[in-house]
Amino acid sequence: HKGTYGHALLVCGSEGMVGAAVLATGAALRSGCGLVTVHLPVTERVPVQTNFPSALFSLDPAPCFSQLPADMSRYTAVGAGCGLGRDPRTGAALDVLIDHCREASVPLVLDADALNWLATHPDRLDRLPVGTILTPHAGELRRLVGEWSDEEEKFRRIAALAARIGGIVVSKGPNTAICDAGRSIVCNSTGNDGMAKGGSGDVLTGLLTGLLARGYTPRNAAVVGVFLHGAAGDKAAEYFGREAMNSSDLIDFLAEAWKDAE
């Protein structure tokens, strides 16, 4: 039943950036996990509720992420960062969230503004739960590890970051690279340049969080999630064309990607 297939918590969205929460929620609901709860400002709840009535909600009284949900013991995985913004209250709340996930051994995915916060607070990298998945695009990766001169140096820096956190780094881009705690690097074979649109990363974060919630190991969640995300993008490109497709299309085509994978 739904209670045995995991419960994903998405900490996403802020005033004016609720679209990220919509995209992440839709993808998490396509992951196969039993329950998805979204924590977002109470003022921003309507778009998510309208698009995805099967999601549950934890409402923050502030226009940003300022406090944890009341009962964190309910969740089997957490994804945070999409559309959070950079309000100082959000940074403080992320600090508390990371500590909770580490102490309770809850799998964690960090993306977008959570990565930008880590880049300005690098000491927090050493406090992340073992197995944490970071999903930076090229700009976020540079803020985390600095500049690189070529692909070889880039991979060395990704591997060093994965080893430092004892987790997974998903370096997004053409042939997205998944690095497992410095031990191996897997380059994904699916996806296309039509996915280079705002919101594609939010879809990936929701999908990865859902896979973790239902019991996938961090490495398997990253490899399978990135593959399915790219496969959905390939199917969207076939249907709409690479120019016209957008990130919300990926959510619907995740169903087709799953069927092919089965």
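The structure contained in this document is the topic of the report that follows. Fair warning: this is a prediction, and the values are worked out from it, not measured in the lab.

1. A few points about the overall build of the protein
Next, step 1: Across its full length, the protein carries nine helices and nine strands.
Next, step 2: In terms of overall dimensions, the protein has a C-alpha envelope of 45 × 45 × 35 Å along the principal axes.
Next, step 3: Relative to all contacts within the protein whose residues are 6 or more apart in sequence, the contacts with residues 24 or more apart total 65%.
Next, step 4: Of the roughly 10,900 Å² of accessible surface on the protein, 51% is carried by carbon and sulfur atoms.

2. Let's talk about the nonpolar core
Next, step 1: Ala-21, Val-48, Ile-133, Val-170, Val-203 and Leu-254 are the most contacted members of the largest nonpolar core, which has 48 residues in total.
Next, step 2: Take this core: its biggest share by element is eight residues, from helix 8 (residues 218-240).
Next, step 3: Dropping the residues within four chain positions of it, Leu-254 is found in contact with Ala-27, Arg-30, Val-203, Leu-207, Leu-228, His-229 and Ala-232.

3. Remarks on helix 5 (residues 138-145)
Next, step 1: Those residues of helix 5 that fall on the buried side of the exposure criterion are Glu-140, Leu-141, Leu-144 and Val-145. End-on, the buried residues of helix 5 take up no more than an arc of 115°, which puts them together on one face.
Next, step 2: Looking at the buried side of helix 5, the elements it contacts are helix 4 (113-120), helix 6 (151-165) and strand 7 (168-171).

4. Points about the sheet that holds strand 5 (residues 108-110)
Next, step 1: Sheet architecture is open: nine strands sit in the order 3-2-1-4-5-6-7-8-9, paired in mixed fashion. On the outer flanks of this sheet lie strand 3 (56-60) and strand 9 (184-187), each paired with one strand and no other.
Next, step 2: As paired elements, strand 6 (residues 133-134) and strand 7 share two bridges and run parallel to each other. Each residue of the ladder has a partner; that of Leu-134, found in strand 7, is Val-169.
Next, step 3: Sitting on the sheet, helix 1 (residues 19-29) is in contact with strand 1 (7-11) and strand 2 (35-41), with an inclination near 170° to strand 2.
Next, step 4: Against the sheet, helix 6 makes contact with strand 6, strand 7, strand 8 (177-180) and strand 9, and its axis sits at roughly 150° relative to strand 7, the strand it touches most.

5. Quick look at the pattern of salt bridges
Next, step 1: Within the structure shown, the criterion is met by 17 salt bridges.
Next, step 2: The salt bridge involving Arg-124 is made with Asp-95; its shortest N-O contact spans 2.9 Å. Placement of Arg-124 in the loop between helix 4 and strand 6 and of Asp-95 in helix 3 (residues 88-104) is noted, with a sequence separation of 29 residues between them.
Next, step 3: The salt bridge partner of Asp-180 is Arg-219, with a shortest N-O separation of 3.6 Å. Remark: Arg-219 occurs in helix 8 and Asp-180 occurs in strand 8; sequence separation between them is 39 residues.
Next, step 4: The exposure class of Arg-219 is partly exposed, given its relative accessible area of 31%.
Next, step 5: Linked by salt bridges that have partners in common, Asp-95, Asp-99, Arg-102, Asp-123, Arg-124 and Arg-127 make up one network.

So, how was this worked out
- Residues numbered from 1 in each chain as written.
- Predicted model: local features only at pLDDT ≥ 70, side-chain atom pairs only at ≥ 80, totals over all residues.
- Heavy atoms only, no water.
- Helix = DSSP H or I, 4+ residues; strand = E, 2+ residues; numbered from the N terminus.
- Contact = heavy atoms within 4.5 Å.
- Areas by Shrake-Rupley, 256 points an atom, 1.4 Å probe, with all protein chains shown as cover.
- Core = buried A, V, L, I, M, F, W, Y, C linked by side-chain atoms within 4.5 Å.
- Buried < 20%, exposed > 50% of the residue type's maximum accessible area, 1.4 Å probe, protein only.
- Arc of directions from axis to C-beta.
- Pairing = 2+ DSSP bridges.
- Axes fitted to C-alpha atoms, helices over the stretch in contact; angles between N-to-C directions.
- Salt bridge = Lys/Arg side-chain N within 4 Å of Asp/Glu carboxyl O.

Purely geometric stuff here, so don't read any function into it on its own.
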